[in-house]
Amino acid sequence: MVVSYPSPGTFLSSIYGDTTGRRGFDPYLADWSDSIKDDRGRVRLHKARCAFLQGSFDFDDIKHSYRMWVNCAEYGKINVIKDGVVIETIISKLPKRGNDIYRWKMKKRLGFLESLGDSYFFDPKDRNLHGAKTQMLFITLTWDPKTCDLETAWSGLKTDKIKGLLNTDPYNPLFSKRCKPENVGDHYQSHVKGCPCVSCRWNRWITAMRKRYGRIKVFRNFEAFGEKPQDGKVHADGYPHVHAVLLFEDHDFTVSYRDPHKHFRILRAEKDKISNLWDSHVDIEACYSVQGAMGYIKKYLFKTYGDSTVENVHRVDSDKAELTVSLLWLFRKQSFAVSGGWSDLITYGVIQTDFGDFDGLTFEWVGVFTAVELNIDPNTWCAVDPGGGS
Ligand SMILES: [Zn+2]
Ligand SMILES: [Zn+2]
C-alpha cells in the first residue's frame, strides 16, 4: 500500500484516526505512555507535545502524563576536579514546575510579599461604605472558547522572523542599526500582530489599562478552566483565563457596594470602562488591603503547584489545579508574573559570592540522572559524594 506523504498541515489524527500519541497511537505499545518516554523511561515534554498537540485533547491523559513527569525526580550531577582528579561529586535535585524544590524556589521568589507591609484602603467591617476608595482591584478576565482553538489560546499564532531585518524582502534587506551585527540574520519566532493567545491579549489589555489609569503594579496569573460535564454545549474546558491583582498608583476607585457573596464592588460605570477593554466577561473585586489580596494569590499559587497542605482556597480545588499545571507544562507557559515595582519597596541584602574559594578547582557537568539511576531516595535535594563518583 502506498501512503501519500502527509503535508505539513496534516494532523496525525487524519492518518492514524482519532487518538494520537496517547492511547492507541501505536498499537504495538503495551503501555500507551511509553510513547512519551525516552529510552531511559523518563517522560519528556517534547514527546508529550508531539503526542498531545495533534487531534483532540484528553485531559485525563494529559494530567496523567504530567504526574509521571513531575514525580520523576531528576538530578544534575557535577564533578569537582582538582589537578585532574575528581575530588567530589555534587548531585542536586532539579526544579520541575510542581515539585518540592520548585515550590521552595517560588517561596523565595515570593518572599517580598511578606515585606510589603500592610496598608488598608478601607475598613471591610464598616457597614457604611460611604466615601470608601481603593487603589487595588482583583480582576478576572475570562475567555470565549469560540474565538480560537485550545492550543492557539495558550501558545498563540507564531511567525518566523529574522533578527535585525526591518522588512520582509530577502533581496533588498533593510537592516536595523539597533541590532548587534553578530545577531543579524538569526531566526526567531514571534507572535503575529493581533494574536489571540492569552499572553498577547493580556499584554494588549494591560497596555490599554496603563494608558488610561497611569502606573499600575501587577501580579498576574494564568489558569485553566476546569472540566464541565459533557452536555453537547461548548465549554471553555482547559482554556486559559487570567486572575490579576492590580495596584493603581495614579488612580483610585470608589467602592460602591458589597454583593450577596460578600465581594466589594466598584461603580458600574468604572467597571464597564475596564470590561470594554477585554472581549469576554470580566469580574472585578475591590480589595480592602494589600496583604489580604496578596495572601490569597500566594495560597493560590502553592495550591496550583501541587502543595497539598494548602486548603480552602477560594475558586480552586486540587483537580482544577492539576489541570492548570498540566496545561502550563504542556504549553510551556509561565503561570505567574510579577511586574517591576513591588519589590522597590524593599531593599534586598546583597549576597557576595567569594570566587576565591574556587581557586584551582574546575567543575564538570556530568549530566541529568533520575533518582533510580543514582540509586538515591527521590526526596533527597542534594548530596555530595566526597570520594568522587564515577
Ligand atoms: Zn500570542
Ligand atoms: Zn480562575
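Along each chain, numbering runs from 1 in the same order as the chain's sequence is written. Whichever chain is written first becomes A and whichever ligand is written first becomes 1, with later ones labelled in order. Given that this is a predicted model, residues contribute local features only at a pLDDT of at least 70 and side-chain atom pairs are listed and counted only at 80 or more, while totals for whole chains, interfaces and linings are drawn from all residues. Hydrogens and water molecules were not included; the side-chain quantities draw on all heavy atoms of the structure.

- Per an unreviewed UniProt entry, the protein goes by Replication protein and derives from marine sediment metagenome.

**Section: the sheet that holds strand S1 (residues 74-82)**
Next, step 1: Only when DSSP finds a minimum of two bridges between them are two strands counted as paired. Runs of E in the DSSP output that reach at least two residues are strands. Runs of H or I that reach at least four are helices, and both are numbered from the N terminus. Judged by pairing direction, the sheet is antiparallel, and its four strands sit side by side in the order S13-S1-S2-S14 without closing on themselves. Of all strands in the sheet, those bounded by a partner on one side alone are strand S13 (361-370) and strand S14 (382-385). In this sheet, neighbouring strand axes are inclined to one another by 20° on average, regardless of whether the strands run parallel or antiparallel.
Next, step 2: Across four bridges, strand S2 (residues 85-93) lies against S14 in antiparallel orientation. Across the sheet, Ile90 pairs through a bridge with Val384, a residue of S14. Axis geometry follows a simple rule: fit a line to the C-alpha atoms, using only the stretch in contact for helices, then measure angles between N-to-C directions, giving values from 0 to 180 degrees.

**Observations concerning the confidence of the model for the protein**
Next, step 1: Note on scores: pLDDT gives the predictor's confidence for each residue, bounded by 0 and 100. Summing up the model confidence of the protein, the mean pLDDT is 83 and the portion of residues at 70 or higher is 84%.
Next, step 2: Element-level pLDDT for the protein is lowest in helix H1 (residues 12-16), with a mean of 54, against a maximum mean of 97 in helix H6 (residues 198-213).
Next, step 3: Between residues 345-355, whose pLDDT stays under 50, and residues either more than four places distant or in other chains, the model counts five contacts. Here a residue-residue contact requires only that any non-hydrogen atoms of the pair lie within 4.5 Å.

**What about the coordination of the zinc ion (ligand 1)?**
Next, step 1: Water is not among the atoms examined, so metal sites may look incomplete; donors are the N, O and S atoms within 2.8 Å of the metal, or within 3.2 Å for Na, K and Ca. All of the protein donors around the zinc ion (ligand 1) are His191 (ND1), Cys195 (SG), Cys197 (SG) and Cys200 (SG); their distances to the metal are 2.0 to 2.3 Å.
Next, step 2: Between 85 and 135 degrees for all angles marks four donors as tetrahedral; over 155 degrees for opposite donors together with 65 to 115 for all other angles marks four donors as square planar and six as octahedral; every other arrangement is irregular. If you look at the zinc ion (ligand 1), its four donor atoms make angles of 100 to 117° with each other, and the shape they trace is tetrahedral.
Next, step 3: The sequence pattern formed by the donor residues of the zinc ion (ligand 1) is H-x3-C-x1-C-x2-C.
Next, step 4: Each residue gets one of three labels from its accessible area relative to the maximum for its type: buried under 20%, exposed over 50%, partly exposed in between, using a 1.4 Å probe on protein chains only. His191 sits in the partly exposed class, given a relative accessible area of 27%.
Next, step 5: The class of Cys200 is buried, set by a relative accessible area of 15%.

**Thoughts on the environment of Leu157**
Next, step 1: Tracing the backbone through its elements, the reader meets Leu157 in the loop between helix H5 (150-155) and strand S5 (158-162).
Next, step 2: Sequence separation between Leu157 and Ser190 is 33 residues, and the spatial gap between their C-alpha atoms is 8.3 Å.
Next, step 3: In this view, Leu157 contacts Thr152, Ser190, His191, Val192, Cys195 and Pro196; residues no more than four positions away in its chain are not counted.

**A few points about the coordination of the zinc ion (ligand 2)**
Next, step 1: Bound to the zinc ion (ligand 2) on the protein side are Glu223 (OE), His241 (NE2) and His243 (NE2), at distances that span 1.8 to 2.1 Å.
Next, step 2: Read in sequence order, the donor residues for the zinc ion (ligand 2) give the motif E-x17-H-x1-H. Pair noted here: Glu223 is in strand S7 (residues 216-224) and His241 is in strand S8 (residues 240-248), with a separation of 18 residues, a long-range link. Here Glu223 matches His241 in class, with each residue buried.

**Re the nonpolar core**
Next, step 1: Ranked by size, the top nonpolar core spans 80 residues in total, and within it Trp202, Trp205, Leu246 and Ile274 carry the most contacts.
Next, step 2: The dominant element in this core, judged by the number of residues it contributes, is helix H8 (residues 290-304), at eight residues.
Next, step 3: Formed jointly, this core draws a minimum of three residues from each of two domains, domain 1 (12-56) and domain 2 (115-155 + 191-345).
Next, step 4: When residues no more than four places from it in sequence are discounted, the contact partners of Trp202 are Leu141, Val218, Arg220, Phe222, Val242, Ala244, Leu246 and Trp278.
Next, step 5: The next biggest cluster of nonpolar side chains, apart from the first, holds five residues, and it includes Tyr75, Ile91, Ala371 and Leu374. Only buried Ala, Val, Leu, Ile, Met, Phe, Trp, Tyr and Cys residues count toward a nonpolar core, and they belong to the same one when joined by side-chain atoms within 4.5 Å. What marks off one domain from the next here is an automatic or database domain assignment.

**Some details on the pattern of salt bridges**
Next, step 1: Throughout this description, the term salt bridge denotes a Lys or Arg side-chain nitrogen within 4 Å of a carboxyl oxygen of Asp or Glu. Applying the stated criterion across every chain, the model contains 19 salt bridges.
Next, step 2: The shortest N-O distance in the salt bridge between Asp38 and Arg42 comes to 3.0 Å.
Next, step 3: Residue classification places Asp38 among the buried positions, given a relative accessible area of 17%.
Next, step 4: The buried category is assigned to Arg42, whose relative accessible area is 9%.
Next, step 5: One salt bridge connects Arg265 with Asp283, and the closest N-O pair in it is separated by 3.3 Å. With Arg265 in strand S10 (residues 264-266) and Asp283 in strand S11 (residues 282-286), the pair connects residues that are 18 residues apart, well separated along the chain.
Next, step 6: Judged by relative accessible area, Arg265 falls into the buried class, the value being 13%.
Next, step 7: What makes Asp283 partly exposed here is its relative accessible area of 21%.
Next, step 8: If you follow the salt bridges from partner to partner, you end up with Asp38, Arg42, Arg44, Glu74 and Lys96 in one network.

**Re the packing of aromatic side chains**
Next, step 1: The aromatic pairing rule takes the rings of Phe, Tyr and Trp, using the six-membered ring of Trp, and pairs them if the centres are within 6.5 Å, calling planes under 30 degrees apart stacked, those over 60 edge-to-face and the rest tilted. This model, assessed by the stated rule, comprises 17 aromatic pairs.
Next, step 2: Measuring from centroid to centroid gives 4.8 Å for Tyr102 and Tyr305, while their planes differ by 40°, and the two rings are tilted. Here Tyr305 lies in the loop between H8 and helix H9 (318-330) and Tyr102 lies in helix H4 (residues 100-109), a separation of 203 residues in the sequence. Across this residue pair, the class does not change: Tyr102 and Tyr305 are buried.
Next, step 3: Between Tyr213 and Phe248, the ring centres sit 5.5 Å apart and the planes meet at 85°, which makes this aromatic pair edge-to-face. Taken together, the residues Tyr213 in helix H6 and Phe248 in strand S8 connect sequence positions 35 residues apart.

**Notes on the sheet that holds strand S9 (residues 253-258)**
Next, step 1: On the basis of which strands lie adjacent, the open sheet formed by three strands has the order S3-S9-S10 and antiparallel pairing. Only two strands of the sheet have a single neighbouring strand rather than two, namely strand S3 (133-134) and S10.
Next, step 2: Sheet topology note: the S3/S9 ladder contains two bridges and is antiparallel. The residue of S9 that forms the bridge with Thr134 is Phe253.
Next, step 3: Packing against the sheet, helix H7 (residues 268-275) makes contact with S9 and S10, and its axis sits at approximately 75° to S10.

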